[in-house]
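A structural walkthrough
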Amino acid sequence: MILSASRDATACLWRKNEPEPAVTYTGHELPVTGLALSPDNEVLCTGSRDNSVRLWDLMTGTSTLTTSISRNLVTCIKWALDESFIAQTSEDKELRLWDPKTLETIFAFPKKQSILTTCDISTDSLYCLTGSSGGNNFGCELTLWDIRQQKVLSEFKGHNQGVSGCMFLPMHQEGKGLIASCAADSTVRIWDRETKDCVCLASLDGAGPLTSLTAYPDSSLLVSSFNQGIHLLSADFSNPHDPQIRRRLQY
């Protein structure tokens, strides 16, 4: 199945080879800008520019819980694998954690200087990563947050336009934890979580702003772009002194 969010204020569940959505989730008043599926694949969480976050029964499309906070224009939603919280970023520059059973706020981290555009949660559910908007070297950073201690651990700076995608990578370099990001500056970067160094970079010339990023355990990455569709990349760590991001295919 595939889940989509839309400017028509709905989310949809699609099945392979079926031209119409199997389930349509109707209730938001403005574009749906974030969604995440619960780890048990039973509950959908959506967020919208109408300042609301909603939970839905995945198969029936019934809205089971909703909450709204003024100026909470949702930009991204992620569900922790241990199901203890839902992370959500917003145009109000805050990272919020929601209780998935009640949709009450667990914690709201201090505001950043720029809009938070994207987020990810580590597989152990102990850390959250966010990306910021910006330009001309203002903002554009990644921020690593400690969920238990409720504080910023580190920032990763190098993009010169707004970050559009970030994630904890499922692969490692000589045992080092890695994170990845893409941005409107047409670059993909891989960072060392401990040193905060950018260990490799790919510039997708002509692709325009990059819009999203995902990665797989075989060291491959998929990146979507404004001008050149989807790029399949590969992180090559065979030479630890000169890691590379290589282009493989373009769709």
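Residues numbered from 1 in each chain as written. Predicted model: local features only at pLDDT ≥ 70, side-chain atom pairs only at ≥ 80, totals over all residues. Heavy atoms only, no water.

A look at the packing of aromatic side chains
Basically, it comes down to this: A pair of aromatic rings is counted whenever rings of Phe, Tyr or Trp (Trp by its six-membered ring) have centres within 6.5 Å, and the orientation is called stacked for planes under 30 degrees apart, edge-to-face for over 60 and tilted otherwise. We count a stretch as a helix when DSSP gives it H or I for four or more residues in a row; a strand needs E for two or more, and each element gets its number in order from the N terminus. Buried, partly exposed and exposed residues are distinguished by accessible area as a fraction of the type maximum, computed with a 1.4 Å probe on protein chains only: under 20%, between the cut-offs, and over 50%, respectively.
Overall, the coordinates contain four aromatic pairs when judged by the stated rule. Here Y25 and W56 contribute two aromatic rings whose centre-to-centre distance is 5.7 Å and whose plane-to-plane angle is 70°, an arrangement assigned as edge-to-face. Within this pair, whereas Y25 is found in strand β3 (residues 23–26), its partner W56 is found in strand β6 (residues 52–57), the two being separated by 31 residues in sequence. The class of Y25 is buried, set by a relative accessible area of 1%. W56 sits in the buried class, given a relative accessible area of 1%. Ring geometry for F156 and W191: centres 5.9 Å apart, planes at 70°, overall edge-to-face. Residue F156 is found in strand β17 (residues 151–156), and its partner W191 is found in strand β20 (residues 187–192); the two are separated by 35 residues along the sequence. Judged on exposure class, the residue F156 and its partner W191 are both buried. Members of the aromatic cluster, connected to one another through ring pairs, are F107, F109 and W145.

Digging into the sheet that holds β20
Selection criterion: Only when DSSP finds a minimum of two bridges between them are two strands counted as paired. To obtain an axis, a line is fitted to C-alpha atoms, over the contacting stretch when the element is a helix, and the angle between two such axes runs from 0 to 180 degrees between their N-to-C directions.
Reading across from one edge, β18-β19-β20-β21 is the order of the four strands in this open sheet, with antiparallel pairing throughout. Each of the sheet's edge strands pairs with one partner strand only, and the pair in question is β18 (163–168) and β21 (198–203). Ignoring which end each strand starts from, the neighbouring axes of this sheet average 15° apart. Pairing of β18 with strand β19 (residues 178–183), which is carried by five bridges, proceeds in the antiparallel orientation. Each bridged residue has a counterpart across the sheet, and for V163 the counterpart in β19 is A183.

Thoughts on a nonpolar patch on the surface
To keep things clear, this is the line we draw: Residues qualify for a patch when their relative accessible area is over 30% and they have no salt bridge, like charges being joined within 9 Å and the nonpolar side chains of Val, Leu, Ile, Met, Phe, Trp and Tyr within 5 Å. In these tables, accessible area is a Shrake-Rupley quantity obtained with a 1.4 Å probe, and a residue counts as shielded only by the protein chains included in the view. We define a salt bridge as a contact between a side-chain nitrogen of Lys or Arg and a carboxyl oxygen of Asp or Glu at a distance within 4 Å.
A contiguous nonpolar patch, built from I230, L249 and Y251 and spanning about 320 Å² of accessible area, is present on the exposed surface. Following the sequence through the fold, Y251 ends up in the segment after β25 (244–250). Residue class for Y251 comes out exposed when judged on its relative accessible area of 57%.

A word on unusual backbone geometry
In the Ramachandran plot, E83 falls in the positive-phi region, its phi being about 65° despite a non-glycine side chain. Along the polypeptide, E83 turns up in the loop between β8 (74–79) and β9 (86–90). For S125, which is not a glycine, the phi torsion comes out positive at approximately 65°. Within the secondary structure, S125 is located in the loop between β12 (116–121) and β13 (127–132). Given a relative accessible area of 5%, S125 falls into the buried group.

No statement about biological role is implied by the geometric values presented.
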